[in-house]
Amino acid sequence: MNLSIVGNGYVGLVTAVGLAGNGHEILCIEQNTAKVDSINQGKSPIHEDGLNNLLFNSVKRKRNLRASSNHQEIVGTDITFLCVGTSCSSGGSIDLSCIETSAQEVGRALATKENYHVVVVKSTVVPGTTAQRIIPLLERFSGKKVGQELGVVVNPEFLQEGKALRCFLNPDRIVIGESDKTAGDVIEGIYEDFDAPVLRTDLNTAEMIKYVSNAFLAAKISLINEVGNICQKFGVDVYTVAHAIGHDPRIGHRFLNAGIGFGGSCLPKDLQGLISASREMGYCPQLLESVLAVNKAQPMRMVEIAERKLGGLQDKKIAILGVAFKPDTDDVRESPALKVIQALLQKGALVKAYDPVAMPNARRELSTGVEYCDSAREAISDSDCVLVMTEWDEFKSEELYRGKLVIDGRRVLSPQKAGAVCDYQGVCW
Ligand code: UDX
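Cut-off values and rules
Residues numbered from 1 in each chain as written. Predicted model: local features only at pLDDT ≥ 70, side-chain atom pairs only at ≥ 80, totals over all residues. Heavy atoms only, no water. Helix = DSSP H or I, 4+ residues; strand = E, 2+ residues; numbered from the N terminus. Rg over C-alpha atoms; globule rule 2.2 N^0.38 Å. Buried < 20%, exposed > 50% of the residue type's maximum accessible area, 1.4 Å probe, protein only. Contact = heavy atoms within 4.5 Å. Pairing = 2+ DSSP bridges. Axes fitted to C-alpha atoms, helices over the stretch in contact; angles between N-to-C directions. Core = buried A, V, L, I, M, F, W, Y, C linked by side-chain atoms within 4.5 Å. Phe/Tyr/Trp six-rings, centres within 6.5 Å; stacked < 30°, edge-to-face > 60°. Lys NZ or Arg CZ within 6 Å of the ring centre and 35° of its normal. Left-handed = near helix turned anticlockwise from the far one by under 90°. Nonpolar A, V, L, I, M, F, W, Y, C, P; charged D, E, K, R; others polar. Near = heavy atom within 4 Å. Polar contact = N/O pair within 3.5 Å; in protein donor to acceptor, adjacent residues only side chain to side chain. Areas by Shrake-Rupley, 256 points an atom, 1.4 Å probe, with all protein chains shown as cover.

**Student:** What is the right way to read the overall build of the protein chain from this model?
**Tutor:** Along the backbone of the protein chain there are 16 helices and 14 strands. For a compact globule of 429 residues, the expected C-alpha radius of gyration is about 22 Å, and the protein chain comes in at 23 Å, within 12% of that figure. Expressed along its principal axes, the backbone C-alpha trace of the protein chain runs to roughly 70 × 45 × 40 Å. Looking at the protein chain as a whole, 55% of its 429 residues are labelled buried. The long-range fraction of contacts in the protein chain, counting pairs at least 24 apart against all pairs at least 6 apart in sequence, stands at 68%.

Here you go:
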């Protein structure tokens, strides 16, 4: 089929490349002309494992993927995926300006189309958004009626950064929220080669499923972090506890790694978005607010431990290992490391930081006050204390830390082995 993808960040581009691999003709619609050029040259504008090769293959060999900044070209396609960002506004609720503008542009383009078209909302939006905000815009600008010449589907993504293409090609489930059966059938057809359960729902339910997935994952992390803080008081190792409880299939082993908490572009934003949306509906989501509060406090334990061990932070040399919000990505959005660096600087510490790939992004966020180093060894060399913030493989050798005070925020090191070569302290173990 001919598919258009509006918005080519990591969700849009992974969707485009993944579906091109299944033989569809793909048109990427993107405002940013530098991205359009990059895609048309077969070069991925974002860092995602495997994406560059598959993009090159589709653009240059199979020639079934191209990019344009002209929304009008959507007319030549059968289905349009909306994959634009819905970042947080200052109050915590999601910002719909991009997706509303896109809905208008798509509507305008569809006004001149004669055949049936399906619009798929992949962007994360709170329940009710597609029905109350997006569909009215599509109908107004296209002059068409949903359920007749137009179908609308909510098809959330569950991609993890760093392995987004693998997640896309091997989904756990495919959620299709539909305005009507015809629209849902068309989108189920797009995924016919995928080996995953397909769950058909209404629009609001599909929107909610995405939020609840991320809220549940976030809650799991905050729960194990809080439990870790308690375990530490009792001299119990939270990782041994997590391993044991994880054998219960109702709990499971994944997402029980205690540490400095969750960051990234999704979990914090989506949790905040669900909290704001609940409050707007007159419900106070106490548990979700606590999940966020635990996550906010957790990285600050690194600062408290360093302060206590060093007897104050003024003029103390602190090495930060890892600024990305997790390994295998250069993304620093909502990274606990950045919050810790800011707190350290405020307390007068001298900060040296190193990350294998995320330093250019960290520099953009924190341009002054931090000395960025070329290696972990350089950052550590004359430090009074080392804070390990991201579990990159290259930070896993205990030898690196010989003779140092080390505070581990991600259980990068074995406490026993590290304890033999350095003054080792875990954030909650
Ligand atoms: C997440 C969801 O997993 C994905 O389904 C959704 O579509 C987007 O948001 P992502 O942000 O890429 O994906 O990161 P993820 O791998 O889920 O990790 C999120 C954060 O939680 C990271 O900061 C990670 O370090 C932290 N984390 C994860 C923990 O602290 N402990 C864990 O056990 C797991």
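**Student:** Would you mind going over the sheet that holds strand S1 (residues 2–6) with me for this structure?
**Tutor:** The strands that make up a sheet are held in pairs by hydrogen bonds between backbone atoms, and each pair lies either parallel or antiparallel. Judged by pairing direction, the sheet is mixed, and its eight strands sit side by side in the order S3-S2-S1-S4-S5-S6-S7-S8 without closing on themselves. Only two strands of the sheet have a single partner each, and these edge strands are strand S3 (65–68) and strand S8 (198–201). Going across the sheet, the axis of each strand differs from the next one's by a mean of 25°, ignoring polarity. Of the strand pairs in this sheet, strand S4 (residues 79–82) and strand S5 (residues 117–121) are connected by four bridges, and their pairing is parallel. Along S5, the bridge assignment pairs Thr80 with Val119.

**Student:** In this structure, what is going on with the nonpolar core? I would like to understand it.
**Tutor:** The nonpolar side chains of soluble globular proteins are, as a tendency, buried together. Judged by nonpolar contacts, the single largest core of 62 residues is most densely connected at Ile318, Ile320, Val323, Leu344, Leu387, Phe395 and Tyr401. The leading source of residues in this core is helix H13 (residues 336–346), at six residues. Counting residues in hydrophobic clusters, the runner-up holds 41 residues, among them Ala103, Val121, Val125 and Val154.

**Student:** Even after reading the chapter, I still don't get the packing of aromatic side chains, so can you show me in this structure?
**Tutor:** Think of a pair of aromatic rings as described by two things: how far the centres are apart, and how the planes are tilted against each other in angle. Enumeration over the complete set of coordinates arrives at four aromatic pairs. A centroid spacing of 5.5 Å and a plane angle of 80° characterise the contact between Tyr239 and Trp429, whose relative ring orientation is edge-to-face. Of this pair, Tyr239 sits in helix H9 (residues 238–246) while Trp429 sits in the segment after strand S14 (423–426), and the two are 190 residues apart along the sequence. Tyr239 gets classed as buried once you look at its relative accessible area, which sits at 18%. Pairing Tyr354 with Phe395 gives two aromatic rings, centres 6.1 Å apart and planes at 70°, and the pair type is edge-to-face. Highlighted residues: Tyr354 in strand S10 (residues 350–354) and Phe395 in the loop between strand S12 (385–388) and strand S13 (405–408), separated in sequence by 41 residues. Like Tyr354, the residue Phe395 is buried in the burial classification. Through a chain of ring-to-ring contacts, the aromatic side chains of Phe168, Tyr191 and Phe194 assemble into a single cluster. Over the aromatic face of Phe158 sits the side chain of Arg173, whose NZ or CZ is 3.6 Å from the ring centroid.

**Student:** So what exactly am I meant to see when it comes to the environment of Ile407 here?
**Tutor:** Topologically, Ile407 is positioned in strand S13. On the basis of relative accessibility, which here comes to 0%, the residue Ile407 falls in the buried class. In this structure the C-alpha to C-alpha distance between Ile407 and Gly107, which are 300 residues apart in sequence, comes to 54 Å.

**Student:** Can you help me understand the packing of helix H10 (residues 267–280) against helix H11 (residues 286–297) in this one?
**Tutor:** The relative placement of two packed helices comes down to the angle between their axes together with the axis-to-axis distance. It is the contact of H10 with H11, at a shortest axis distance of 10 Å, that shows an interaxial angle of 145°. When you trace H10 past H11, the crossing you get is left-handed. Judged by residue contacts, Leu271, Gln272, Leu274, Ile275 and Arg279 of H10 engage Leu288, Glu289, Val291 and Leu292 from H11. Class assignment for the residues of the contact of H10 with H11 results in six nonpolar, one polar and two charged.

**Student:** It is not clear to me how the sheet that holds strand S9 (residues 317–321) should be interpreted in this structure. Could you clarify?
**Tutor:** The strand order across the open sheet built from six strands is S11-S10-S9-S12-S13-S14, with neighbouring strands paired in parallel fashion. Taken across any chain shown, the strands that pair with only one partner, and hence form the sheet edges, are strand S11 (370–372) and S14. Across this sheet, the average inter-strand angle for adjacent strands is 20°, counted without regard to direction. One ladder, built from four bridges, connects S9 with S12; its direction is parallel.

**Student:** When you look at the site of the ligand in this model, what are you seeing that I'm missing?
**Tutor:** The immediate surroundings of the ligand are formed by 20 residues, with Gln160, Glu161, Asn257, Phe325 and Lys326 found nearest. Within the contact set of the ligand, an oxygen atom lies 2.7 Å away from a side-chain nitrogen or oxygen of Gln160. Here an oxygen atom of the ligand and a backbone polar atom of Phe325 are 3.0 Å apart. If the ligand stood free it would expose 670 Å²; the protein chains cover 93% of that surface. Classifying every residue of the shell around the ligand by side-chain character gives ten nonpolar, five polar and five charged.

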